[in-house]
Amino acid sequence: MKYSLKKGTTITRMLCTGILFFLKLAVAGSLCAQVVTVPLQTAANALVLQTNEFKNLSIIYFGKKLHDVQEYGLAPQVYRQTSDYSGMLNSAYTSAGSRNLMEPAITVTHADGNNSLDLQYINHTIKQENENVTLYTFTLRDPVYDFSVDLFYKVYYRQDVIEQWSVIRHQEKGNVLLHKYASANLYLKSDAFWLRQYHGDWAREMKPEEARVTHGIKTLDSKLGTRANLFQPSVFMISMHQPATENEGTVLFGALEYSGNFRTDIELDYQNNLRIVSGINNYASTYTLKKGEEFVTPGFLYTLSHQGKGYASRQLQDWARQYKILDGNGDRLTLLNNWEATYFDFNEEKLKALLKDTRKLGVDLFLLDDGWFGQKYPRNSDHTALGDWQENKTKLPNGISALVKEAAGNQVKFGIWIEPEMVSPKSELYEKHPTWVVKQPARPEYYFRNQLVLDLSNSEVQDFVVGAVDQLFTSNPSLAYIKWDCNSVIYNAHSLTLKNQSHFYIEYVRGLYNVLKRIRSKYPTVPMMLCSGGGGRVDYAALQYFTEFWPSDNTDPLERIFMQWEYSYFFPAIATGSHVTDWGKQPIKFKVDVAMMGKLGFDIVVSHLAEKELQFCQQAIRDYEQWKKVIWQGDQYRLANPAEGDVASVAYISRDKSAGIVFSYLVSNRYAAGSALPIRLNGLKSDSRYRLREINLYPGTSSPIDSTKTYSGDFLMTVGFNPEVNAGRSSVVLTVEEVK
Ligand code: GLA
């Protein structure tokens, strides 16, 4: 009889089959152990955990949900792979030092110096948090040592997302050393796997590489401490059977929710199964766990799609807006930033003019960037004053409060840049508190962007950082926005106050989250941008405290088309800061059209715009106001890949499918490059009729798109539309509206 099991059901039976194989191994206790099977189900998938002969918790299935839950138990029987030997290849959390032969999730040295660990299933609980979210907790314990691990799986049913983490504790007679302490351990079966990973540097974020996974271990990691994603973010994709495309194929997206050193080991084992072990990087970070102390790992999140990368990204974006990003369903402020307009060279008068420009342009907020602080060592270049968060009175004789007032007079809001984790060697802060700095006491200092990192593992430093931000708000209660920067990596990792230096990297990140938590408890809603010299720190642990992130200092719109394409697989448009700047030689229309695909901002000298350019920007901002909800809260469909043809095209469709906006760009300079073929839309209702209308038309130009015609969704999704992109029309924005 077929039946489907409700969320949260457990299957229990006695297991005495398959024992012969294991008889080769010496097994303590009865081989006829009670088998516990727990299917963790989402709308599309099931991750099925089961105890084995050794009472270890294993993954027996991870894939498309089956109609009959009883059949998950049959899955292992249809594989004819080579011997497992250890009975641990598919462990849900691989412990080292007993039978394990593969990359472990956890390695320890017990209080008595012994290095072995065997984690056996004790029990589990299932807590339905609401109609969509269920938390599963599995308690595992070593039969020899009083050492246990709780595995947490938070299952978001509709979004097909699982967040996984572990809590490690013991009651041994002394300290236990944790050498490795992963958040999650996954196990996938397929005939072949492809990894899509990302690398980069300043202004070169999110460069993709995709390759078939070969045997052995591929490690994605960071050892930078801060600005941890500078060379590599933790986000990745694994395609199964064949490389997934936008709309086809099985693909897993994964990411660690952590803002410090991370490490993800992707191991193709000798049986051709894929083992993924992800967590905090244990590099230089052996953790001494006291009796009774709990070590909580960060979350590892994943979603599995059977409809290609596009579906996975829509699921993840939806999850991020609902559950992670601060105010993910809320509003955002459009802004004018002065960084590229002035760099460090400004004064009150110049800023007052920019405040007038902010209003003239029609955006919501003026964002004052770097260079406003430092009294003894004024911040006129990036060599001084980080840490001295008092106004530079030469530049701003009447302080920030005069600017905030001026902003209000112009009916715009005011925001400010701060880089509170950092200190310049030339600063009063460093002079006063030389022990607050991360450095090796006996070695020369070494700088990244001429600066050092403050030691956030020290609670006094945490208080200072909270105080610096608080001071800005208390002296300017109407301050409406913060850009929080973090430009430096950590060299000479060492705390002058921490007892155990192996805890430094971990304590730094804990310190950072403490600070952010404290700031958020006092200022829960003020929008904050997460910046790290660009996209050096973009992850879902940090984004719980931020409303948006700065993807890159590279704002050349052509570069942004490629870069935001990749970011968008993991992060929604509402959180993706996207500004019009002087980078790139494209016309202003192209720049604005690209910036409208994210959270729109400007970083230009408005007075340098020609009259028509200004007029164009003003109209575009008004149109953005009208369409921003669809861009921010709608479903994103990538229609034409810039890496594969002359034209890039991206659509955002409202959740009720009644309206959409489509951005198309020319990404090639070759002869006659353009949209020769129609582009197929996606996400519409096939039997509804829609009208296409071109917006963001440059003054004095007209559109070849006939907005009086209507098309069925069926036609637009099967045959397509032609945005008429060519060298004369290098960017085109079309709205799609249902005609009732
Ligand atoms: C970093 C940021 C920039 C700008 C500068 C200021 O590079 O990414 O946007 O704020 O710092 O120094």
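Given the structure is predicted, the values throughout are model-derived calculations rather than measurements. (Residues numbered from 1 in each chain as written. Predicted model: local features only at pLDDT ≥ 70, side-chain atom pairs only at ≥ 80, totals over all residues. Heavy atoms only, no water.)

Student: For the side chain of Arg196, give the residues involved together with the corresponding values.
Tutor: Here Arg196 shows up in strand S12 (residues 193-199). With relative accessibility at 13%, the residue Arg196 sits in the buried group. (Helix = DSSP H or I, 4+ residues; strand = E, 2+ residues; numbered from the N terminus. Buried < 20%, exposed > 50% of the residue type's maximum accessible area, 1.4 Å probe, protein only.)

Student: Go over unusual backbone geometry, please, and point to the residues and values.
Tutor: Located in the positive-phi region is Gln411, a residue other than glycine, with phi close to 60°. With respect to the element layout, Gln411 can be found in the loop between helix H5 (399-409) and strand S24 (413-418). Note on Gln411: relative accessible area 59%, which makes it exposed. One non-glycine residue, Asn450, adopts positive backbone phi at about 60°. Inspection of the secondary structure assignment puts Asn450 in the loop between helix H6 (428-432) and strand S26 (452-453). Residue class for Asn450 comes out partly exposed when judged on its relative accessible area of 24%.

Student: Summarise the packing of aromatic side chains; cite the residues concerned and give the values.
Tutor: The description of two aromatic rings rests on the distance between their centres and on the angle between their planes. Taken as a whole and assessed by the stated rule, the structure comprises 42 aromatic pairs. Relative to Tyr698, the ring of Phe616 has its centre 5.6 Å away and its plane inclined at 40°; by these criteria the two rings are tilted. Pair noted here: Phe616 is in helix H11 (residues 611-633) and Tyr698 is in the loop between strand S35 (689-695) and strand S36 (710-712), with a separation of 82 residues, a long-range link. Assessed through its relative accessible area of 2%, Phe616 is described here as buried. The class for Tyr698 is partly exposed, based on a relative accessible area of 24%. Members of the aromatic cluster, joined through ring pairs, are Tyr156, Trp319, Tyr323, Tyr540, Phe549, Tyr567 and Phe571. Sitting over the face of the ring of Trp550, Lys483 holds its NZ or CZ atom 5.8 Å from the ring centroid. Its end group placed over the ring of Trp550, Arg560 keeps NZ or CZ at 4.8 Å from the ring centre. (Phe/Tyr/Trp six-rings, centres within 6.5 Å; stacked < 30°, edge-to-face > 60°. Lys NZ or Arg CZ within 6 Å of the ring centre and 35° of its normal.)

Student: Requested: an account of the pairing of strand S30 (residues 577-580), with residues and values cited.
Tutor: Residues Gly577 and His579 line one face of S30 and the alternating positions Ser578 and Val580 line the opposite face, and both faces are buried. Across four bridges, the pairing between S30 and strand S31 (residues 599-602) is parallel. Note that in S31 the partner of Ser578 across the bridge is Leu600. The handedness of the S30 to S31 crossover, carried by helix H10 (residues 588-595), is right-handed. (Pairing = 2+ DSSP bridges. Right-handed = clockwise from strand over helix to strand, strands pointing away.)

Student: Describe in detail a nonpolar patch on the surface, supporting the description with residues and values.
Tutor: A cluster of nonpolar side chains, Tyr85, Leu101 and Tyr270, forms an exposed patch at the surface whose accessible area comes to about 330 Å². As for its placement among the helices and strands, Tyr270 is situated in the loop between strand S17 (262-268) and strand S18 (274-280). Tyr270 gets classed as partly exposed once you look at its relative accessible area, which sits at 33%. (Patch = residues over 30% accessible without salt bridge, like charges linked within 9 Å, V, L, I, M, F, W, Y side chains within 5 Å. Areas by Shrake-Rupley, 256 points an atom, 1.4 Å probe, with all protein chains shown as cover. Salt bridge = Lys/Arg side-chain N within 4 Å of Asp/Glu carboxyl O.)

Student: Describe the pattern of salt bridges, listing the residues and the values that go with them.
Tutor: A full pass over the atoms with the stated rule returns 40 salt bridges. In this structure, Glu210 engages Lys309 in a salt bridge whose closest nitrogen and oxygen atoms are separated by 3.1 Å. Of this pair, Glu210 sits in strand S13 (residues 207-212) while Lys309 sits in helix H2 (residues 308-324), placing them 99 residues apart in sequence. A relative accessible area of 31% means that Glu210 is categorised as partly exposed. A relative accessible area of 7% means that Lys309 is categorised as buried. Two residues, Lys522 and Asp470, come together in a salt bridge whose shortest N-O distance is 3.0 Å. Note that Lys522 is positioned in helix H8 (residues 504-522) and Asp470 in helix H7 (residues 459-475), a separation of 52 residues in sequence. Relative accessible area serves as the criterion here: at 47%, Lys522 is assigned to the partly exposed category. Here the residues in one salt-bridge network are Glu103, Lys180, Arg263 and Asp265, joined through shared partners.

Student: Tell me about the side chain of Glu163, and please be specific about residues and values.
Tutor: One can find Glu163 in strand S9 (residues 161-170). For Glu163, a relative accessible area of 4% puts it in the buried group. Within polar-contact distance, the side chain of Glu163 engages the side chain of Tyr156 at 2.5 Å. Within polar-contact distance, the side chain of Glu163 engages the side chain of Lys324 at 2.8 Å. Apart from residues no more than four positions distant in its own chain, Glu163 is found in contact with Phe152, Tyr153, Lys154, Tyr156, Glu257, Phe300, Leu301, Trp319 and Lys324. (Polar contact = N/O pair within 3.5 Å; in protein donor to acceptor, adjacent residues only side chain to side chain. Contact = heavy atoms within 4.5 Å.)

Student: I'd like to hear about the nonpolar core, residue by residue, with values.
Tutor: Core analysis: the biggest nonpolar cluster contains 188 residues, and Phe147, Tyr153, Leu252, Trp372, Phe414, Trp484 and Phe602 have the highest contact counts within it. Of all hydrophobic cores here, the second largest spans 20 residues; its members include Leu666, Ile679, Leu692 and Phe721. (Core = buried A, V, L, I, M, F, W, Y, C linked by side-chain atoms within 4.5 Å.)

Student: Let's hear about H7: which residues, and what values?
Tutor: End to end, H7 covers 24 Å across 17 residues, agreeing with the expected 24 Å (1.5 Å per residue, within 8%). Within the sequence span of H7, burial applies to Val461, Gln462, Val465, Val466, Ala468, Val469, Leu472 and Phe473. For H7, the secondary structure elements touched by its buried residues are S24, strand S27 (481-484) and H8. Regarding H7, its N-cap is Asn458, as a side-chain oxygen of that residue lies 2.8 Å from the backbone nitrogen of Glu460 further along. (Expected span 1.5 Å × (residues − 1).)

Student: Tell me about the confidence of the model for the protein, and name the residues and values.
Tutor: When pLDDT is averaged along the protein, the result is 95; 96% of the residues meet or exceed 70. Considering only residues more than four positions removed or in separate chains, one finds that residues 1-8, a stretch of pLDDT under 50, has 18 contacts. Low pLDDT (under 50) marks residues 14-31, which in the prediction has 27 contacts with non-local residues, meaning those over four places away or in another chain. (pLDDT = per-residue confidence, 0-100.)

Student: Just give me the short version of the pairing of strand S7 (residues 133-141), but keep the residues and values in it.
Tutor: Counting buried positions along S7 gives eight out of nine residues, so the element sits mostly inside the fold. Note that strand S6 (residues 120-128) and S7 share eight bridges and pair antiparallel. Among the inter-strand pairings, Gln128 is bridged to a residue of S7, identified as Thr134. Here S7 runs beside strand S8 (residues 147-156); their pairing, made up of nine bridges, is antiparallel. Across the sheet, the residue bridging to Val133 is Tyr156, located in S8. Here S7 folds back onto S8 in antiparallel fashion, the turn holding five residues.

Student: Hey, could you go over the site of the ligand for me, with residue numbers and the actual values?
Tutor: As a structural note, the neighbourhood of the ligand is formed by 13 residues, with Asp369, Asp370, Arg449, Lys483 and Asp553 the closest of them. Within the side chain of Asp370, one N or O atom sits 2.6 Å away from an oxygen atom of the ligand. A total of 300 Å² of accessible area belongs to the ligand in isolation, and the protein chains cover 96% of it. Across the shell around the ligand, the residue classes tally to four nonpolar, three polar and six charged. (Near = heavy atom within 4 Å. Nonpolar A, V, L, I, M, F, W, Y, C, P; charged D, E, K, R; others polar.)

Student: Describe the sheet that holds strand S14 (residues 216-221), listing the residues and the values that go with them.
Tutor: Here we have four strands laid out as an open sheet, ordered S11-S18-S17-S14, and antiparallel in their pairing. Two strands bound the open sheet, and with one partner strand each, they are strand S11 (184-188) and S14. Ignoring which end each strand starts from, the neighbouring axes of this sheet average 15° apart. By the bridge criterion, six bridges tie S14 to S17 in an arrangement that is antiparallel. In the strand pairing of S17, Ile217 is matched with Glu267. (Axes fitted to C-alpha atoms, helices over the stretch in contact; angles between N-to-C directions.)

Student: Let's hear about the sheet that holds S30: which residues, and what values?
Tutor: Strand pairing in a sheet relies on backbone hydrogen bonds. The paired strands run either parallel or antiparallel. Spatial ordering of the open sheet is given by S29-S28-S27-S24-S23-S22-S31-S30, a layout of eight strands whose pairing is parallel. A strand with exactly one partner marks an edge of an open sheet, and here the two such strands are strand S29 (548-549) and S30. Where strand S22 (residues 335-337) lies against strand S23 (residues 365-368), three bridges are found, and the strand directions are parallel. Within S23, the residue paired with Asn337 across the bridge is Leu367.

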